[in-house]
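Okay, here's what each chain looks like letter by letter:
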Amino acid sequence: MIKNYRFLLKCMFVFSLVCFSFFMQACSNQNNIKEVAPRFAISSNDLLLEFAANENEASDKYVDQVIEVHGTIKEITSLNNRKTVILNTSSSSGIICDINDSEQEILNDLKKNQLIHIKGICKGYLKDVILLNCFIDIKNTDE
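This section reports on the structure supplied with the text.

What counts, and at which threshold
Residues numbered from 1 in each chain as written. Predicted model: local features only at pLDDT ≥ 70, side-chain atom pairs only at ≥ 80, totals over all residues. Heavy atoms only, no water. Disulfide = S-S within 2.5 Å. Buried < 20%, exposed > 50% of the residue type's maximum accessible area, 1.4 Å probe, protein only. Phe/Tyr/Trp six-rings, centres within 6.5 Å; stacked < 30°, edge-to-face > 60°. Helix = DSSP H or I, 4+ residues; strand = E, 2+ residues; numbered from the N terminus. Core = buried A, V, L, I, M, F, W, Y, C linked by side-chain atoms within 4.5 Å. Pairing = 2+ DSSP bridges.

### With respect to the state of the cysteines
Defined simply, a disulfide is a covalent bond joining two cysteines at their sulfur atoms.
Phase 1: If you walk through the whole model with that rule in mind, you get 0 disulfides.
Phase 2: C122 takes part in no disulfide bond, and the closest cysteine sulfur to it belongs to C134, at a distance of 9.6 Å.
Phase 3: Unpaired in terms of disulfides, C134 finds its nearest cysteine sulfur in C97, a separation of 4.6 Å.
Phase 4: Residue classification places C134 among the buried residues on the basis of a relative accessible area of 0%.

Have a look at this one:
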């Protein structure tokens, strides 16, 4: 009985270590987006038009992918300690980009109607296209 108990404790310990390591790996990959080449590069207007034309097809193509979107800034907001950049499109909808906390200094220098390139993980479409954990690509902002 004691051997079974010890074996069970060892299994639980190993399982806990494995879960912890997967959790740490998943969290550490969040900032790796900055170094990852985007799977797609597209204008804010074209991205929104693809989702509006066929949401299922666009979701299959873009959701959970690292993409780079370029467009002009419609608005910069700060709500609940989250920094967000909304990119202009030809409709009333936009591209909502939730900016990574490490981009605060770059974000402070951005202006409305400025052309920028933002890289992030596409999470889908409601009325707007949503990108999370976004990084601003400053080498492309001066085009």
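The discussion continues.
### A look at the packing of aromatic side chains
Phase 1: Enumeration over the complete set of coordinates arrives at 3 aromatic pairs.
Phase 2: On the basis of an interplanar angle of 70° and a centroid distance of 5.0 Å, the ring pair of F40 and Y62 is categorised as edge-to-face. Here F40, found in strand β1 (residues 40–43), pairs with Y62, found in helix α3 (residues 55–62); they are 22 residues apart in sequence, far enough to count as distant.
Phase 3: For Y62, a relative accessible area of 2% puts it in the buried group.
Phase 4: Ring centres of F51 and Y125 lie 5.6 Å apart, and the angle between their planes is 20°; this geometry places the pair in the stacked category. On the criterion of sequence distance, the pair formed by F51 in helix α2 (residues 44–53) and Y125 in strand β5 (residues 115–125) is long-range, its members being 74 residues apart.
Phase 5: Through pairs of rings, three or more aromatic residues link up here, namely F40, F51, Y62 and Y125.

### Here's the deal with the nonpolar core
Nonpolar side chains in soluble globular proteins generally cluster together in the buried interior.
Phase 1: By size, the foremost hydrophobic cluster in this structure holds 24 residues, and its most contacted members are L47, V85, C97 and I118.
Phase 2: Of all elements in the fold, only α2, α3, β2 (66–79), β3 (82–87), β4 (95–99), β5 and β6 (129–136) reach the threshold of two or more residues within this core.

### Observations regarding the pairing of β5
Here is the key point about a regular strand: its side chains alternate between the two faces of the sheet.
Phase 1: When you tally the buried positions in β5, you get 9 out of 11 residues, the bulk of the element.
Phase 2: With 7 bridges connecting them, β2 and β5 associate as antiparallel partners. Bridged to I67 within β5 is G120.
Phase 3: Judged from the 6 bridges that link them, β5 and β6 form a sheet pairing that is antiparallel.

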